[in-house]
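Remarks on the overall topology
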Amino acid sequence: MPATYRDALRAALLYLLLSIVWLELSGYLLNSIFDSSDEQLRWQLISGYVWVVLSAGLIFLARARLFRCLGIGAKLRARDEDQVRLRQAAAVFDCTREGVLVTDNEGLIVHVNRAFMEITGYQHDEVLGQRPSLFKSGRHSTAFYQSMFTTLGSTGEWSGEIWNRRKNGEIYPQWQTIRIIHDDEGRRSHYVAVFTDISAIKNSEHELMHLAHHDPLTDLPNRLLFTDRAEQALASAQNHKRGCALLLIDLDHFKMINDSLGHTIGDQLLKAVAERLKAMFGPGITLARLGGDEFAVLAENCPQLVQAAALAQRIIDGLKEAFPIEGHQLFINTSIGISLFPADALSAEQLLRNADSALSKAKNTGRNGYALYTEELTAHAQQRVETAFELRRALEQQELRVHYQPVHDLKTRRLIGVEALVRWEHPQRGLISPAEFIPIAERTGLIAEIDAWVMHQSCLQMCQWQRAGVALSFVAVNVSSRLFARRELYQQVAQVLRETGLDPAYLELEVTESAVMDDPEVALEQMHRLRELGVRLAIDDFGTGYSSLLRLKRLPVQKLKIDQGFVAGLPCDDDDVAIVRVIIALAQSMGMQVHAEGIEQAEQARFLLEHACDLGQGYWFGRPVPAEQLDWMHAPIIEKPPQTL
Ligand code: C2E
Ligand code: MG
Ligand code: MG
């Protein structure tokens, strides 16, 4: 038996004993005092009574000892202290600015405080008995909650940032601490969550971040953010093998505006410039103000220098229009320096430095223009940009022409068809070859319009010849590889045939070998659709691409055109001879016609005829000329070609 229990037992027995003795003695003495008549006896009795009272004191002492042994006194004191503490805790619980939520072991809410109600907008009775998942914002993954409960389980506590939802649906961030409460037996009894609403802190954090990364006047990204974004864009461009362009824009003579009209107007102008620039760009372009009158643009998908130059020109033209500010009509010119990734530099810092030196170049060469980091490229790009702009105008002002080059049957030497070749009759530069402007048209997207126009003109012309009794087997039209991959081609051809009324059997579409082999599956589908329209198909510049013979066999094509590069070496160059022979044999084995282009000499024509090439085209037969200049003397009347392959 433990010592404390032994002590308690002894104290209890003593207490019991003394109490009985005391009660007995008290009763006896009191009776004796009242019954006695003798004075001496009475005094004896009174002193006996005093003793009894003293013994009562002893009994009380024994009782106190007993209580102490049993811990009753401490317990009572502790209960009193607990009650005081509870009252204090309840006051703290209610006055604290942190929200407090208590759940039982099952996770059901058993208590919330006043701050909880203020922060969440829920009242007591709306949440008691519910689960805290009621406040879930949907912003965290299941993995987040899993890791939270794992930490809670292993350490008994979790603290962190969590997004929850108020009663009004608003999502807000909290800093929350959750703790597990155990009962006296060490069993998990409750969970207590204490949280603070940190949306205000978050907002000011966000504001601070914004201030640190943006220019306060225009609200555009500043140099810090721009460099950061540029680094990210370059990393992504490197992964995806894309080109980027960095343009530094500087307003010419801006200082004059500041000096003459004051800084307030200068600031307003800068704001207006920023707004106009912002409106010019879509996604994939980052605009920033680096300071003063200097802006920067990062174009993320700008593989060609001509595109960067076109963008620069667009900016220069866009800023040319007047800025109406406080009754003034302000005009500004712009100078731009361009640096390209990866051609000129690989890091954002270096690109900025290069663009800066290009900008100095642009300023030194008379301002209001752009310069590329590499000088030779500037002139080249400028010319191409000018051509692109002019080409658009050329289409509108009908400066394009179609010339027709005769195609002869090598056996009969008779003209049996024509190839339509586009030319540009430039008001100053004269006739421009398609080799110069077709690549630019392809890059700027104008090619679709050009090809549609040439096709339309050629079909109209063919109808006109047919009405005049000229019997040609076909008019061949070139289709750009850019267009060939697109679904619209089919609709475009169908529309031209419908509008012009030409029998489709007389229209031949030439597609280059590389266009077909770029994406053979798409090409195959496209060709089948076009064949359904009834038009003929030819592969142009054959021998320059990397045709797979297996794929070639599957194509619904009627003709192979031997590239003029191989014809040029005939009949002396052994390699050319071998290649031409193979192409002819290949075409024949696949049931296709063979057509040689670029025939400039009689020996070439003879060689081709001897090797059973079907058709010939080249300066020896006739150059491309306007329709009215074609020599019809050699045009025989040929029946409509068969439609089968
Ligand atoms: P292509 O389709 O292979 O056209 C043949 C080119 O060879 C033409 O050049 C033609 O004038 C030239 N040529 C013809 N015979 C001879 C010759 O005996 N010797 C030499 N050296 N050249 C000869 P052109 O007209 O300058 O056209 C060049 C290329 O431009 C064409 O090559 C074609 O790929 C493209 N092209 C022309 N017109 C159009 C068009 O309307 N649309 C599209 N997308 N491309 C076109
Ligand atoms: Mg051609
Ligand atoms: Mg060709």
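Residues numbered from 1 in each chain as written. Chains lettered and ligands numbered in written order. Predicted model: local features only at pLDDT ≥ 70, side-chain atom pairs only at ≥ 80, totals over all residues. Heavy atoms only, no water.

Those protein atoms acting as donors to the magnesium ion (ligand 3) are Asp540 (OD), Asp541 (OD), Glu597 (OE) and Glu597 (OE), and they sit at 2.0 to 2.7 Å. Look at where the donors of the magnesium ion (ligand 3) fall in the sequence and you get D-D-x55-E. Separating the magnesium ion (ligand 3) from the magnesium ion (ligand 2) is a gap of 4.1 Å, bridged by Asp540, which donates to each. Separated by 56 residues along the polypeptide, Asp541 in strand β18 (residues 536-542) and Glu597 in the loop between β20 (593-596) and α23 (602-610) bring together distant segments of the chain. A residue is classified by how much of its surface remains accessible, and Asp541, at 23% relative accessible area, is partly exposed. According to the relative accessible area criterion, Glu597 is buried, its value standing at 7%. (Donors = N, O, S within 2.8 Å, 3.2 Å for Na, K, Ca; no water. Helix = DSSP H or I, 4+ residues; strand = E, 2+ residues; numbered from the N terminus. Buried < 20%, exposed > 50% of the residue type's maximum accessible area, 1.4 Å probe, protein only.)

With that settled, the discussion passes to the environment of Arg581. Looking at the element boundaries, Arg581 is found in helix α22 (residues 574-589). On the basis of relative accessibility, which here comes to 45%, the residue Arg581 falls in the partly exposed class. Considering only alpha carbons, one finds Arg581 and His611, 30 residues apart in sequence, at a separation of 7.0 Å.

Okay, helix α8 (residues 223-240) next. Over its 18 residues, α8 extends 25 Å from the first C-alpha to the last, a length consistent with the 26 Å expected when each residue adds 1.5 Å. Of all the positions in α8, only Leu225, Phe226, Thr227, Ala230, Ala233, Leu234 and Ala237 are classed as buried. Those residues of α8 that are buried are in contact with α7 (199-213), β6 (244-251), β7 (285-291), β8 (294-299), β11 (334-341) and α12 (348-364). The distance from a side-chain oxygen at the start of α8 to the backbone nitrogen of Leu224 is 3.2 Å, and the residue carrying that oxygen is Asn222. Count one or two residues on from α8 and you reach Lys241, which has phi positive near 55°. (Expected span 1.5 Å × (residues − 1). Contact = heavy atoms within 4.5 Å. Polar contact = N/O pair within 3.5 Å; in protein donor to acceptor, adjacent residues only side chain to side chain.)

The relation between two aromatic rings is expressed through the spacing of the ring centres and the mutual angle of the planes. Going through the model one piece at a time under the given rule, you end up with 8 aromatic pairs. Ring plane angle 85° and centroid distance 6.2 Å describe the contact between Phe144 and Trp158, whose orientation is recorded as edge-to-face. Pair noted here: Phe144 is in helix α6 (residues 142-155) and Trp158 is in strand β3 (residues 157-165), with a separation of 14 residues, a long-range link. Classification of Phe144 by relative accessible area gives partly exposed; the value is 22%. Counting every residue linked through ring pairs, the aromatic cluster contains Phe116, Tyr122, Phe135 and Phe195. Its end group placed over the ring of Tyr490, Arg529 keeps NZ or CZ at 4.5 Å from the ring centre. Sitting over the ring of Phe474, Lys559 keeps its end group 3.9 Å from the ring centre. (Phe/Tyr/Trp six-rings, centres within 6.5 Å; stacked < 30°, edge-to-face > 60°. Lys NZ or Arg CZ within 6 Å of the ring centre and 35° of its normal.)

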